Structure formats: structure tokens, C-alpha cells
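Summary of structural features
Each chain, written out:
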Amino acid sequence: MSSVNQKYIKILTEDQAIKLSGYPIQTEKFSVQKTLRDGGKIRFKIRYSAELQGFSLLEVFLMRAQNGIQTAGMTIPNGGSTAVVQEQEQEFSIWEPGDYYFFFKTSSNNGTFFIEHYQLYWSSI
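The structure displayed is predicted, hence computed values, not measured ones. (Residues numbered from 1 in each chain as written. Predicted model: local features only at pLDDT ≥ 70, side-chain atom pairs only at ≥ 80, totals over all residues. Heavy atoms only, no water.)

This paragraph deals with the pairing of strand β9 (residues 111–123). Burial of β9 is extensive: eleven of the 13 residues sit out of reach of the surface. Pairing of strand β1 (residues 9–20) with β9 involves ten bridges; the strand directions are antiparallel. Looking across to β9, one finds that I9 is bridged to S123. (Buried < 20%, exposed > 50% of the residue type's maximum accessible area, 1.4 Å probe, protein only. Helix = DSSP H or I, 4+ residues; strand = E, 2+ residues; numbered from the N terminus. Pairing = 2+ DSSP bridges.)

This is the structure:
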């Protein structure tokens, strides 16, 4: 197997066991050095479940720590009662190295979202 076919991954940040129920949560700052300028792709992966009494969105914002400007985001709709563990993944566009943080919030106070695990990573392909 040649090195052309190998996939290289660098985890930029990850965390687990976050409970959201009406109040937004801001993560600690983390530094990003691998960006789209290095080629490859940057992906955000989240695994979550929910206990809801109605429709609610789980909103994820990647914020630039230097100026508080949103760099990327993801909105996950959920309606109804209990959502079993689900996983979603999306590409994020990060062009500039620097310090970032995540901001998680729900669109309504209709229950609780449990973020089992999330990960932001750079991949060579």
C-alpha cells in the first residue's frame, strides 16, 4: 500500500458528557493549527441523544476566540419525545489557525439533549 492511499487524522478537539437543558454551554478554548490551507478536510462529528416534550433544535456554533465571530455551525432538528443515540458528521470550513471554542444551545426549553461525544478533526482525505 502506498502512502497516497493512507488517511491521516489529527484530532483538533473533543469532549464528552455534556448535558443541555435550556441554558447554552461554551467550551474551553482550543487551538487549531491544521486548517484547510493545509489541504484535506475538517469535519465535526457529534453523538447525542435527547429527551424532549416537543420540537427543539440542537445548535452547534464554532466561534473564533479572538473576536467571537462564528466560523462554522450545525443545526440538528429533533421533534417528539426520546431520541436514541444518533451520530451526525459535517464538514467545517476553518481557513485560519488560532484559538476557537464551541457554543452549544437548544432552540427551546422542551427537554434535555445529551452530547455523548463530539470531535473536531482534520483529515488528509
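What follows covers the nonpolar core. Of all hydrophobic cores here, the largest spans 28 residues; its most connected members are F44, I46, F92, F102, F104 and L120. If you list the elements that add at least two residues to this core, you get β1, β3 (30–32), β4 (41–52), β5 (56–64), β6 (70–78), β8 (98–106) and β9. Top element by residues in this core is β4. It accounts for six residues. Excluding residues within four positions of it along the chain, F104 makes contact with I18, L20, P24, I25, T27, F44, I46, E59, V60, I115 and Y118. (Core = buried A, V, L, I, M, F, W, Y, C linked by side-chain atoms within 4.5 Å. Contact = heavy atoms within 4.5 Å.)

A full pass over the atoms with the stated rule returns four salt bridges. A salt bridge links E87 to R47; the shortest N-O distance between them is 3.7 Å. On the criterion of sequence distance, the pair formed by E87 in strand β7 (residues 82–91) and R47 in strand β4 is long-range, its members being 40 residues apart. Accessibility expressed as a relative area gives 32% for R47, which makes it partly exposed. (Salt bridge = Lys/Arg side-chain N within 4 Å of Asp/Glu carboxyl O.)

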